[in-house]
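Observations on the three-dimensional arrangement
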There are 2 protein chains.
Amino acid sequence: MEEQKKRTEIARLGQFGLIDRLTSGFEPRNASTLSGVGDDAAVVVPGEGEAVLCTTDSFYEGVDFDLTYFPLRHLGYKVVTAAVSDLLAMNALPSQLTVSLGVSSKLSVEALQELYEGIRVACEEHRIDLVGGDTRSSMTGLVLALTALGLAQKERIVRRSGAQQHDLICLTGNLGAAFMGLQLLEREKRVLADVEHPEPQFEGYEYLLEKYLKPRPRTDVVEALREEKIVPTAMIDLSDGLASDLMQICKSSDCGARIYLDRVPIARQTSALAEEMHLDPVVAALHGGEDYELLFTVPLSMQEEIMRLGLVDVIGHITPASTGCYLVTPDGQEIKLKAQGFQQTN
Amino acid sequence: MEEQKKRTEIARLGQFGLIDRLTSGFEPRNASTLSGVGDDAAVVVPGEGEAVLCTTDSFYEGVDFDLTYFPLRHLGYKVVTAAVSDLLAMNALPSQLTVSLGVSSKLSVEALQELYEGIRVACEEHRIDLVGGDTRSSMTGLVLALTALGLAQKERIVRRSGAQQHDLICLTGNLGAAFMGLQLLEREKRVLADVEHPEPQFEGYEYLLEKYLKPRPRTDVVEALREEKIVPTAMIDLSDGLASDLMQICKSSDCGARIYLDRVPIARQTSALAEEMHLDPVVAALHGGEDYELLFTVPLSMQEEIMRLGLVDVIGHITPASTGCYLVTPDGQEIKLKAQGFQQTN
């Protein structure tokens with residue numbers, strides 16, 4: 001029984017009318033936001049000793065997301081997560097956001113309002129002000145270009161390049177769930193491609209869908225680090241998979257790493273679906289990507305403080321550059337990490 | 001005689017390799033740039049009393065530009081102009097830039113290097129640091145999403161909303177040239193559509209092509225205002241055409257305006273081509289758009305200082321909101337301004 005939904009064509013509102021409609025209800029609340037939507041540029045005034053951090057991310061329909069199973073509301077939430085996750089990875093808190101849309105006439109005004117509802121929820125949850133953006137026609141699918149601004153005290157900014165020998169490698173959350181969520185959605189799409197009233201089977205795997213469709217940015221972790229006065233030596237967010245992202249830290253910091261397979265957290269649903277689909281959950285964890293968890297290093301001396309946070313697992317430690325980057329299995333085998341795929345060395 | 005050009009496929013370099021290749025040779029030079037390319041986010045530290053301004057712009061092949069006649073090097077330059085023009089319109093000087101690309105396999109690495117060469121020239125001329133960006137595959141044409149950051153002393157920031165009654169309306173450069181340049185390119189494209197060795201006729205109209213293909217941002221005007229300690233009461237950059245952009249100022253400032261037709265500067269080539277193509281040069285000037293000149297207001301008392309700049313024409317003045325926005329012809333007729341098209345009132 002399908003609901004008859006109202007459909008307003010974008011052309012009816014025009015470019016300015018559409019932007020007004022989409023951004024209504026977004027009121028700037030951060031002290032650093034001097035001007036928001038409605039002028040040529042947004043104005044941001046950082047506090048005493050603070051730097052402004054800036055990152056951009058683009059998302060293309062058919063490349064980065066599939067609208068046949070991606071609810072627009074979740075998509076709005078997820079792109080905010082992906083954008084601000086890069087700021088969190090520098091130990092900064094997000095404060096402002098701009099959203100540029102390329103839209104085809106395929107989408108109605110109501111559909112775009114759904115998208116913006118997801119953006120609004122993410123902004124509210126993480127105290128981010130929407131300060132600008134525009135819409136243009138796209139000849140094909142939906143394109144989103146987000147710019148996120150964040151603030152941090154200069155001396156608290158964390159780069160990828162600061163990891164030191166013996167540092168502990170810390171990880172928030174668990175890995176591979178988003179990747180398995182995507183596998184599940186793709187499987188149901190294939191299976192139900194020719195079915196008239198498709199009823200996809202997601203029971204028991206709700207957590208995986210949530211991790212793929214609506215991942216949360218780890219603002220809580222950066223806030224906790226700030227509260228406990230802990231400054232990591234290096235940090236990155238997990239967008240390309242643990243192996244690839246850890247290797248980025250090692251490359252920037254000119255060091256090696258050992259991570260221990262039995263310390264890498266994998267959720268029960270991730271393992272269960274991997275088994276059902278005859279996939280290796282470790283591959284999902286190492287190379288899945290889109291986890292948006294944080295991977296960071298701290299000096300060995302901070303082990304106790306870090307464990308007290310209750311938010312991270314210590315999964316390994318930093319070694320000299322000459323020793324390379326390896327995953328150590330419970331029986332002591334060392335598997336060389338690769339950015340894509342991995343291979344055994346002995 | 002066509003030169004055989006080298007063609008490297010994007011797939012051969014991969015995403016990281018491509019970004020490294022494109023951004024090599026961009027070295028940050030501004031004191032406010034604490035980190036540039038190569039980490040999760042760029043870090044900007046404004047000077048004492050300065051705010052950070054941020055604006056984003058997207059450009060879609062087939063909507064915003066046509067690669068059949070738009071040289072990639074000029075396109076690179078032009079998108080930087082369009083992006084930073086919004087910062088200049090707030091009386092800020094551009095300082096940092098990020099560029100996100102959506103690219104189809106149609107373009108080679110060498111073609112993208114041409115694009116970046118144009119971006120590099122614009123950045124060098126206007127002292128802008130490239131601090132980030134990414135590339136993704138686009139299912140269709142080329143997509144560019146730019147974010148520009150700029151700096152200004154808080155008390156020197158100019159909004160659209162500050163115009164006061166009796167203020168002078170000032171304009172840099174001349175209008176309609178970019179629009180006529182586009183008409184010329186479109187005409188030659190139509191005429192030569194089926195010709196095997198097309199030789200487009202641009203003689204005598206080189207200025208119009210330059211204004212459309214490689215418009216320069218008016219950094220010089222903002223610098224001159226700073227030097228002369230002049231702070232406009234309102235400002236906007238001319239991207240949608242004089243009529244539409246002036247009406248944006250009037251709407252934000254709750255005022256009316258009178259501009260005088262014989263004061264609106266139109267270049268000789270603009271009039272000549274308009275005559276040749278049976279178009280009205282005034283329509284091109286009022287509604288052409290993409291001029292990237294600056295339109296601003298100053299108190300009547302500053303007339304002498306403003307004229308001393310040697311960079312602007314005074315084309316009219318601000319009136320009460322109730323009197324509306326009109327163009328006054330030499331014989332005293334008043335023509336009501338409209339965002340699109342215009343009509344006579346008496």
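Residues numbered from 1 in each chain as written. Chains lettered and ligands numbered in written order. Predicted model: local features only at pLDDT ≥ 70, side-chain atom pairs only at ≥ 80, totals over all residues. Heavy atoms only, no water.

A few points about the overall build of chain A
If you tally the helices and strands in chain A, you get 10 helices and 14 strands. The C-alpha atoms of chain A give a radius of gyration of 21 Å, which matches the 20 Å a tight globule of 346 residues would have. A principal-axis box enclosing the C-alpha atoms of chain A has dimensions of 65 × 60 × 30 Å. Classification of the 346 residues of chain A by burial places 58% in the buried group. Long-range contacts, defined as pairs at least 24 residues apart, comprise 85% of the intrachain contacts of chain A with a sequence gap of at least 6. When the accessible surface of chain A is summed, it comes to about 14900 Å², and 48% of that surface belongs to carbon and sulfur atoms. Looking at chain A, you have 32 positive and 51 negative side-chain charges, and the mean spots of the two groups are 2 Å apart. (Helix = DSSP H or I, 4+ residues; strand = E, 2+ residues; numbered from the N terminus. Rg over C-alpha atoms; globule rule 2.2 N^0.38 Å. Buried < 20%, exposed > 50% of the residue type's maximum accessible area, 1.4 Å probe, protein only. Contact = heavy atoms within 4.5 Å. Areas by Shrake-Rupley, 256 points an atom, 1.4 Å probe, with all protein chains shown as cover. Lys, Arg positive; Asp, Glu negative; His and termini not counted. Charge placed at Lys NZ, Arg CZ, Asp CG, Glu CD.)

Digging into the relation of the copies chain A and chain B
Of the transformation placing chain A onto chain B, the axial shift is 0.0 Å and the rotation is 180°, giving an RMSD of 0.0 Å. Taken together, the turn and the small shift mark the pair as related by a two-fold rotation axis. Considering only C-alpha atoms, the residue of chain A closest to the rotation axis is A:Ala145, which sits at 3.3 Å. Of the residues that chain A buries at the interface, 100% are likewise interface residues in chain B, meaning the two copies contact each other through the same surface. (Least-squares fit on C-alpha atoms with pLDDT ≥ 70 in both.)

Comments concerning the side chain of B:Ser32
Residue and element names in this part refer to chain B. Tracing the backbone through its elements, the reader meets Ser32 in the loop between α1 (10-23) and β1 (33-35). Owing to a relative accessible area of 6%, Ser32 belongs among the buried residues under this scheme. Leaving out residues up to four positions away in the same chain, Ser32 has contacts with Val43, Val44, Val45, Ser95, Gln96 and Leu151.

Thoughts on the interface of chain A and chain B
The partner chain B presents 53 residues to the 53 residues of chain A that form the contact. In terms of surface lost to chain B, no three residues of chain A exceed A:Asp40, A:Tyr60 and A:Arg136, which account for 16% of the buried area on that side. Scanning the region where chain A abuts chain B turns up two salt bridges. For B:Asp64, the salt bridge identified is with A:Arg136, shortest N-O distance 2.6 Å. Scanning the region where chain A abuts chain B turns up 13 residue pairs in polar contact (both at pLDDT 80 or more). (Buried area = accessible area lost by both parts, 1.4 Å probe. Salt bridge = Lys/Arg side-chain N within 4 Å of Asp/Glu carboxyl O. Polar contact = N/O pair within 3.5 Å; in protein donor to acceptor, adjacent residues only side chain to side chain.)

Structural notes on the nonpolar core
Within the largest apolar cluster, 61 residues are counted, with the highest numbers of intra-cluster contacts made by B:Leu97 and B:Leu144. If you tally residues by element for this core, the top one is helix α2 (residues 72-88) of chain B, at nine residues. What B:Leu144 contacts, discounting residues up to four positions off in sequence, is B:Asp57, B:Ser58, B:Phe59, B:Phe65, B:Leu75, B:Val79, B:Val99, B:Ser100, B:Leu101 and B:Leu115. Of all hydrophobic cores here, the second largest spans 60 residues; its members include A:Phe26, A:Val103, A:Ala148 and A:Ala177. (Core = buried A, V, L, I, M, F, W, Y, C linked by side-chain atoms within 4.5 Å.)

A look at the sheet that holds strand β2 (residues 42-44) of chain A
The pairing of strands in a sheet comes from backbone hydrogen bonds and takes either a parallel or an antiparallel form. Read across the open sheet, the six strands follow the order β1(A)-β2(A)-β3(B)-β6(B)-β4(B)-β5(B); overall the sheet is mixed. For this open sheet the edge positions go to β1 (33-35) of chain A together with β5 (129-137) of chain B, each flanked by a neighbour on one side alone. Strand-to-strand twist across the sheet, computed as the mean angle between neighbouring axes with direction ignored, equals 20°. Pairing of strand β4 (residues 93-103) of chain B with strand β6 (residues 143-153) of chain B involves nine bridges; the strand directions are antiparallel. Bridging from a neighbouring strand, B:Thr98 pairs with B:Thr147 of β6(B). Sheet strands in contact with α1(B) are β4 and β5 of chain B, and its direction is about 165° off that of β5(B). Most of the contacts of helix α3 (residues 109-125) of chain B go to β4(B), to which it runs at about 170°, and overall it touches β4, β5 and β6 of chain B. (Pairing = 2+ DSSP bridges. Axes fitted to C-alpha atoms, helices over the stretch in contact; angles between N-to-C directions.)

Let's talk about the sheet that holds β1(B)
If you walk across this open sheet you meet the six strands as β5(A)-β4(A)-β6(A)-β3(A)-β2(B)-β1(B), and the pairing is mixed. Sheet topology places β5 (129-137) of chain A together with β1 of chain B at the edges, where each strand pairs with a single neighbour. Across the sheet, the mean angle from the axis of one strand to that of its neighbour is 20°, orientation sign disregarded. Sheet strands in contact with helix α1 (residues 10-23) of chain A are β4 (93-103) and β5 of chain A, and its direction is about 165° off that of β5(A). Across the sheet, helix α3 (residues 109-125) of chain A lies against β4, β5 and β6 (143-153) of chain A, angled at about 170° from β4(A), the strand it touches most.

Things to note about the environment of B:Arg29
Residues and elements named next belong to chain B. You can see Arg29 is positioned in the loop between α1 and β1. Residue Arg29 is classed as exposed on the basis of its relative accessible area of 58%. Separated by 99 residues in sequence, Arg29 and Ile128 have C-alpha atoms that sit 8.0 Å apart. Those residues in contact with Arg29, other than ones at most four positions away along the chain, are Glu124 and Asp129.

Some words on the packing of α1(B) against α3(B)
Residue and element names in this part refer to chain B. Two elements in contact, α1 and α3, have axes whose closest approach is 11 Å; the angle formed by their N-to-C orientations is 20°. By the angle class used here, α1 and α3 are roughly parallel. The crossing of α1 and α3 is right-handed. Across the interface between the two elements, Ile10, Leu13, Leu18, Arg21, Leu22 and Thr23 of α1 pack against Val109, Leu112, Gln113 and Tyr116 of α3. For the contact of α1 with α3, a count of residues per class yields seven nonpolar, two polar and one charged. (Parallel < 35°, antiparallel > 145°, perpendicular 65-115°, else oblique. Left-handed = near helix turned anticlockwise from the far one by under 90°. Nonpolar A, V, L, I, M, F, W, Y, C, P; charged D, E, K, R; others polar.)

Examining helix α7 (residues 242-253) of chain A
One turn of an α-helix holds 3.6 residues; hence residues three or four places apart share an orientation. Residues and elements named next belong to chain A. Counted at 1.5 Å a residue, the expected span for α7 with its 12 residues is 16 Å, and the 16 Å between its end C-alpha atoms agrees. Among the 12 residues of α7, nine are classified as buried, and the element is accordingly described as predominantly covered. For α7, the full list of buried residues reads Leu242, Ala243, Ser244, Asp245, Leu246, Gln248, Ile249, Cys250 and Ser253. Asp254 lies just past α7 and shows a positive phi near 50°. (Expected span 1.5 Å × (residues − 1).)

Describing the packing of aromatic side chains
Each aromatic ring pair is summarised here by two numbers: the centre-to-centre distance and the angle between the ring planes. Counting across every chain of the model gives four aromatic pairs over all chains. An angle of 90° between the planes, with centres 6.2 Å apart, marks the rings of A:Phe26 and A:Tyr116 as edge-to-face. One end of the pair, A:Phe26, is in the loop between α1 and β1; the other, A:Tyr116, is in helix α3, with 90 residues separating them in the sequence. Overall, A:Phe26 belongs to the buried group, its relative accessible area being 12%. Aromatic side chains B:Phe70 and B:Tyr212 sit 5.6 Å apart centroid to centroid with 50° between the ring planes, which places their arrangement in the tilted category. Of the two residues, B:Phe70 sits in the loop between β3 (50-60) and α2 while B:Tyr212 sits in helix α5 (residues 206-213), which places them 142 residues apart along the sequence. (Phe/Tyr/Trp six-rings, centres within 6.5 Å; stacked < 30°, edge-to-face > 60°.)

Remarks on the pairing of β4(A)
Residues and elements named next belong to chain A. Among the 11 residues that make up β4, 11 are buried, leaving the element largely enclosed by the rest of the structure. Of the pairings in the sheet, the one linking β4 to β5 comprises eight bridges and is parallel in character. Bridge pairing links Ser100 to Asp134 in β5. Taking the sense of rotation as the criterion, the β-α-β connection linking β4, α3 and β5 turns out right-handed. (Right-handed = clockwise from strand over helix to strand, strands pointing away.)

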